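Survey of secondary and tertiary structure
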Amino acid sequence: MKGNSGLVEEIVKLKEQRKAVILAHNYQPGEIQDIADFVGDSLELSQNAARTEARVILFCGVQFMAETAYILSPDKTVVLPDANAGCPMADMITAEKLREKKRELPSVAVVCYVNSSAEVKAESDVCCTSANALRVVENINAEEILFIPDQYLGHFVSKQTAKKMYLWPGYCPTHMKILPEHITGLRTKYPQAKAVVHPECRPEVIAVADEALSTGGMVRYARRDDVSQMIVGTEIGIIHRLKKENPGKEFMAATRKAVCPNMKLITLEKVLWSLQEMSPEVRVPEETRLRAKTAVDRMLQIA
Ligand code: 13P
Ligand code: SF4
């Protein structure tokens, strides 16, 4: 078996030959973030996928993110190093169940968190990420919203808008592991620390935090001069980036249990293998892609 530096060297060489760009989500393992050309949140990654000139997008994240990249750039080859890297929240809704709900609520606009399949996006009016959910809800031309599939992000937005919101009962099992007592316990130990959590967290967790932000928002928040210690209420992979970009500051995970097993399926070995084989490729049937693209494009225009 090769050591990490041998693997990294081979990945860099092959990446150039393939004219590939490596995009990684903020929750990826540290060694994956370190070889990526760009590390970001879901919104930044989709914007990046839409404008890259590379021929190949090697996506280090989960299925729905790679699908979004393909939806925006179908002329490129999109590769996800482990085809099993899914998202349980995305699996909590199907296109069929959504169609049923739309028949029950004919006057709503469907706002779809990008953590969803291409088929579900294709049934939606507009997509959003945690970075722009409120802005999307406020800007869409409808007074009644069906927000899918994350009830907690939906609830967080509903507290800040006058619009009527119906929430799909989905959730992220990783963020569910973060409890209010994790935050309050760390606050007692680190009274100066700011507590920042992801809006996928339960409302009781958001209630005891200073801010609820997307992972990209957390990265920017950590750079502030008035932040020297930060309690981080999200998937622990982001701590690698926060520490790397802010030497001298302290970052404490709300709980070390907040690990997304799907994000951790991506390894250096699999990245190398997928560059060699150009597989597993992620594609979406053209009819679905075009309908999903309308919803993603609307989001990008608003963002
Ligand atoms: P963001 O990086 O967009 O905040 O999303 C978090 C997430 O759970 C992605 O799966
Ligand atoms: Fe899905 Fe949660 Fe993992 Fe994000 S952290 S990919 S929402 S399971």
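Residues numbered from 1 in each chain as written. Chains lettered and ligands numbered in written order. Predicted model: local features only at pLDDT ≥ 70, side-chain atom pairs only at ≥ 80, totals over all residues. Heavy atoms only, no water.

**Notes on the site of ligand 2**
The environment of ligand 2 is made up of Y27, V62, C87, P88, N115, C172, E200 and C260. Taken together, the residues that form the shell around ligand 2 break down as six nonpolar, one polar and one charged. (Near = heavy atom within 4 Å. Nonpolar A, V, L, I, M, F, W, Y, C, P; charged D, E, K, R; others polar.)

**Focus on the pairing of strand β9 (residues 194–197)**
Here β9 pairs with strand β11 (residues 229–233) via four bridges, running parallel. The residue of β11 that forms the bridge with V197 is G233. As defined by bridge partners, β9 adjoins strand β10 (residues 211–212) across two bridges and the pair is classed as parallel. Bridge pairing in β10 links V196 to E211. (Pairing = 2+ DSSP bridges. Helix = DSSP H or I, 4+ residues; strand = E, 2+ residues; numbered from the N terminus.)

**Examining the packing of helix α3 (residues 42–51) against helix α4 (residues 63–72)**
Two elements in contact, α3 and α4, have axes separated by 8 Å at closest approach and are oriented at 35 degrees. Crossing angle aside, the handedness with which α3 passes α4 is right-handed. Of α4, the residues touching α3 (which contributes S42, S46, A49 and A50) are M65, T68, A69 and L72. Among the residues making up the contact of α3 with α4, the classes are represented as five nonpolar, three polar and no charged. (Axes fitted to C-alpha atoms, helices over the stretch in contact; angles between N-to-C directions. Left-handed = near helix turned anticlockwise from the far one by under 90°. Contact = heavy atoms within 4.5 Å.)

**Regarding helix α1 (residues 4–18)**
One full turn of an α-helix is made of 3.6 residues, so residues set three or four places apart face in the same direction. Taking 1.5 Å per residue, 15 residues should reach 21 Å; α1 reaches 21 Å between its end C-alpha atoms and fits that length. All of the buried residues along α1 are L7, I11, L14 and K15. For α1, the buried positions fall inside an angular range of 110 degrees around the axis, keeping them on one side. α1 presents S5, E9, K13, E16 and Q17 as exposed residues on the side facing more than 90 degrees away from its buried surface. Lining the buried residues of α1 we find β1 (20–25), α2 (30–35) and α13 (268–277). (Expected span 1.5 Å × (residues − 1). Buried < 20%, exposed > 50% of the residue type's maximum accessible area, 1.4 Å probe, protein only. Arc of directions from axis to C-beta.)

Honestly, it's all geometry; don't read function into it.
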